[in-house]
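# Topology and contacts: notes
Below, each chain spelled out in residue letters.
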There are 2 protein chains.
Amino acid sequence: MTREISDSEAARHREKMVNRKSVQDAEVAEKTIEKGLLMVNTGPGKGKSTAAFGLALRMLGTGRRVGIVQFIKGAWSTGEQQALTIFGDRVEWRTMGEGFTWDTQDLKRDLAAATKAWDEAKMLMADETIGLLVLDELNIALRYDYLDLTEVVATLQSRRPDLHIIVTGRNAKPPLIEAADMVTEMTLVKHHFKAGVKAQSGIEY
Amino acid sequence: MTREISDSEAARHREKMVNRKSVQDAEVAEKTIEKGLLMVNTGPGKGKSTAAFGLALRMLGTGRRVGIVQFIKGAWSTGEQQALTIFGDRVEWRTMGEGFTWDTQDLKRDLAAATKAWDEAKMLMADETIGLLVLDELNIALRYDYLDLTEVVATLQSRRPDLHIIVTGRNAKPPLIEAADMVTEMTLVKHHFKAGVKAQSGIEY
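Residues numbered from 1 in each chain as written. Chains lettered and ligands numbered in written order. Predicted model: local features only at pLDDT ≥ 70, side-chain atom pairs only at ≥ 80, totals over all residues. Heavy atoms only, no water.

Within an unreviewed UniProt entry, the label attached to chain A reads Corrinoid adenosyltransferase, and the organism entered is Agrobacterium cavarae.

### Comments concerning the overall build of chain A
For clarity, the cut-off: The way it works is that DSSP assigns letters per residue, a run of H or I at least four long becomes a helix, a run of E at least two long becomes a strand, and they are numbered from the N terminus. Any two residues having at least one pair of non-hydrogen atoms within 4.5 Å are treated as being in contact.
Along the backbone of chain A there are eight helices and six strands. Moving toward the C terminus, one meets the helices and strands of chain A in the order α-β-α-β-α-β-α-α-β-α-α-β-α-β. By its C-alpha atoms, chain A is 70 × 45 × 35 Å across when sized along the principal axes. Taking all contacts inside chain A whose residues are at least 6 apart in sequence as the whole, residues at least 24 apart take part in 79%.

### A closer look at the pairing of strand β6 (residues 182–190) of chain B
To keep things clear, this is the line we draw: Between any two strands, pairing holds if DSSP finds at least two bridges.
Relative to β6(B), strand β6 (residues 182–190) of chain A is paired through seven bridges, and the arrangement is antiparallel. Paired with Thr184(A) across the strands is Leu188(B), a residue of β6(B). Here strand β1 (residues 38–42) of chain B pairs with β6(B) via four bridges, running parallel. By the bridge assignment for β6(B), Thr42(B) is matched with Glu185(B).

### A short note on the relation of the copies chain B and chain A
Inclusion rule: When the copies are superposed, the least-squares fit draws on C-alpha atoms of residues that have pLDDT of at least 70 in both.
Of the transformation superimposing chain B on chain A, the axial component is 0.0 Å and the angular component is 180°, with the fit at an RMSD of 0.0 Å. Within this description, the copies of the chain are treated as partners about a two-fold rotation axis. Looking at chain B, 100% of its interface residues are interface residues in chain A too, so the copies touch through the same face.

### With respect to the interface of chain B and chain A
The test is simple: The buried area of a pairing is the accessible area, by a 1.4 Å probe, that goes missing from both parts when the two are put together, added over both. Salt bridge criterion: a side-chain nitrogen from Lys or Arg within 4 Å of a carboxyl oxygen from Asp or Glu.
Taken together, the 84 residues of chain B in the interface contact 85 residues of chain A. Contact between chain B and chain A buries roughly 7,800 Å² in total, counting both sides, with carbon and sulfur atoms accounting for 63%. Taken together, the links from chain B to chain A amount to four salt bridges. For Glu80(B), the salt bridge is made with Arg58(A), and the minimal N-O distance between the two is 2.5 Å.

### Some words on the nonpolar core
Note the cut-off: Here, nonpolar core refers to any group of buried Ala, Val, Leu, Ile, Met, Phe, Trp, Tyr and Cys residues whose side-chain atoms link them within 4.5 Å. Buried, partly exposed and exposed residues are distinguished by accessible area as a fraction of the type maximum, computed with a 1.4 Å probe on protein chains only: under 20%, between the cut-offs, and over 50%, respectively.
Residues Leu84(A), Leu132(A), Leu84(B) and Leu132(B) are the most contacted members of the largest nonpolar core, which totals 44 residues. Once you skip the residues sitting within four places of it in the chain, Leu132(B) turns out to touch Met39(B), Leu55(B), Ala56(B), Met59(B), Arg65(B), Val66(B), Gly67(B), Leu163(B), His164(B), Ile165(B) and Ile166(B).

### Details of the pattern of salt bridges
Applying the stated criterion across every chain yields a total of 24 salt bridges over all chains. Residue Glu120(B) pairs with Arg94(B) through a salt bridge whose shortest N-O separation is 2.8 Å. Here Arg94(B) lies in strand β3 (residues 91–95) and Glu120(B) lies in helix α5 (residues 107–125), a separation of 26 residues in the sequence. Here Asp181(B) makes a salt bridge to Arg159(B), at a shortest N to O gap of 3.2 Å. Residue Asp181(B) is found in the loop between α8 (174–179) and β6, and its partner Arg159(B) is found in the loop between α7 (149–157) and β5 (164–168); the two are separated by 22 residues along the sequence. Each member of the pair, Asp181(B) as well as Arg159(B), carries the same accessibility label: buried. Connected via shared salt-bridge partners are Arg65(A), Glu92(A), Arg94(A), Glu120(A) and Asp127(A).

### Overview of the sheet that holds strand β1 (residues 38–42) of chain A
For the record, the criterion: The axes are straight lines fitted to the C-alpha atoms, using for helices just the contacting stretch, and the angles between their N-to-C directions are given from 0 to 180°.
Taken together, the twelve strands give an open sheet; going across it, the order is β3(A)-β2(A)-β4(A)-β5(A)-β1(A)-β6(A)-β6(B)-β1(B)-β5(B)-β4(B)-β2(B)-β3(B), and neighbouring strands pair in mixed fashion. Two strands lie at the open edges of the sheet, namely β3 (91–95) of chain A together with β3 of chain B, each paired on one side alone. Direction aside, neighbouring strands of the sheet carry axes that sit 15° apart on average. Summarising the sheet, strand β2 (residues 65–70) of chain A and β3(A) pair through five bridges and their orientation is parallel. Its bridge partner being in β3(A), Val66(A) is matched across the sheet by Val91(A).

### A closer look at the UniProt feature "domain: Cob(I)alamin adenosyltransferase N-terminal" (unreviewed entry) in chain A
Which entries qualify depends on this criterion: UniProt positions are given in the numbering used here, feature names are shortened, and annotations may be inferred rather than shown by experiment.
UniProt's feature table lists "domain: Cob(I)alamin adenosyltransferase N-terminal" (unreviewed entry) at residues 6–28 of chain A, given in the numbering used throughout. Each end of residues 6–28 of chain A is marked by a C-alpha atom, and these two atoms are 32 Å apart; helix forms 96% of the span and strand 0%.

### A word on the side chain of Lys48(A)
All names here are of chain A. Put simply, the test is: In this charge count, Lys and Arg are treated as positive and Asp and Glu as negative; neither His nor the chain ends contribute. Polar contact is the term for a pair of N or O atoms within 3.5 Å; when the atoms are in protein, one must be able to donate a hydrogen and the other to accept it, and sequence-neighboring residues count only if both atoms are side-chain atoms.
Inspection of the secondary structure assignment puts Lys-48 in helix α2 (residues 48–61). Buried Lys-48, no salt bridge; nearest opposite-charge side chain is Glu-137, N-O distance 6.4 Å. Within the local environment of Lys-48, its side chain forms a polar contact with the backbone oxygen of Gly-45, the two atoms lying 2.7 Å apart. Leave out the neighbours within four places in its chain, and Lys-48 touches Asn-41, Thr-42, Gly-43, Thr-168, Gly-169, Arg-170 and Met-186.

### Things to note about helix α7 (residues 149–157) of chain A
Residue and element names in this part refer to chain A. Selection rule: It is the directions from the helix axis to the C-beta atoms whose arc is reported.
Listing the buried residues of α7 in full gives Val-152, Val-153, Thr-155 and Leu-156. Along the long axis of α7, the arc covered by the buried residues comes to 165°, so they all point the same way. Packed against the buried residues of α7 are β1, α5 (107–126), β4 (130–136), α6 (138–143), β5 (164–168) and α8 (174–179).

### Things to note about unusual backbone geometry
Residues and elements named next belong to chain B. The residue Asp-145 is not glycine, and still its phi comes out positive at about 60°. Inspection of the secondary structure assignment puts Asp-145 in the loop between α6 (138–143) and α7. Take Asp-145: its relative accessible area is 44%, and that puts it in the partly exposed class. Despite not being glycine, Asn-171 has its phi angle at roughly 55°, a positive value. Assessed through its relative accessible area of 38%, Asn-171 is described here as partly exposed.

### Re the packing of α5(B) against α7(B)
Residue and element names in this part refer to chain B. We apply this condition: Orientation labels follow simple angle bins: below 35 degrees gives roughly parallel, above 145 gives roughly antiparallel, 65 to 115 gives roughly perpendicular, and whatever is left gives oblique. For any helix crossing, the convention is left-handed if the near helix is rotated counterclockwise from the far helix by under a right angle, and right-handed if that rotation is clockwise. For this classification, Asp, Glu, Lys and Arg are treated as charged, while Ala, Val, Leu, Ile, Met, Phe, Trp, Tyr, Cys and Pro are nonpolar and the rest, including Gly, are polar.
Orientation of α5 relative to α7, taken along the N-to-C sense of each, is 15°, at an axis distance of 11 Å. The pairing of α5 with α7 is recorded here as roughly parallel in orientation. Of the two elements, α5 crosses α7, and the hand of that crossing is left-handed. Facing Trp-118, Lys-122 and Met-125 of α5, the residues of α7 in contact are Glu-151, Val-152, Thr-155 and Leu-156. For the contact of α5 with α7, the class distribution of residues is four nonpolar, one polar and two charged.

In structure tokens:
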């Protein structure tokens, strides 16, 4: 199955890649700013929280500590949470939400949980040993007006210069997108739930 | 800052959520199939590989083993790879690619690396102790015709029934999308590189 490559094809490829490498190097050289980023993973697709946990893993790989605040999904113990216990006190995990709003069915309790989660987030923002803070499903709490959008965005913008923050959840509010350094929209192209496949351990939770 | 909620607002919310919960429960009950999924993270945005590593973390949290084959990014040791060493032999990591094609500048070497990576992938597919296989940047190897698309798709489709596979990389080929159970497109809404921010440890690598 291995493709045959002629010497002339190999030579053309090399020339093209030498040029591409110069362009690439020049682009990298232009970028000199180092700063704590405000990142947002939003959109209706999968992978918003999962990518944030992947980023947490990467940060842990560099030896720094990570804070995670779950605004909504607290009702179910996730595989990620279980896996991250191996890192001990290098991960500060705060689960405040007691489940989706259709599980609690209690607006006052949802609002109190969101407020408590936001208080924890602010405490973790002040902890200088933390390199990355994951605010999981904060967008949902903002969407239902459980928190004051203006205060939240202003607080995130006034983070210390070396703190990276990633916010997840669908329907990110425009002022948060405006304030962010990086925004990724996860779009659903195809989903197995439509084909009757159920949520499975290790994949959905 | 805490929002005031009247008793009538709380009651309306409760009624709405009770209804929503019934709909939700009925939808969940309809989904009964369990199967190893073929998943694809594609698109120009961030988070394709990161979400796959997050999924690996989730699978590790359930106690199962994970295989990871890197088709392209092998040249740089990533934070994820460092972090995952904590899980010991529960993670089978195979790095075959020697870097981006503009770094190697050698088409024959790139092709040989991709072929070797695909051979490793097939070996890991046969390992029944593995619950999730991450084929990182396989889409890039397919895009450059380093591997035979028809063979790759057929092999992925004939995976054992309990093996989950996730393929990453931009420009996923249509036959792979067709064969997949779940496809997520990561779209770039905003990126800090445009503002001159450089790649930083713990975020980009």
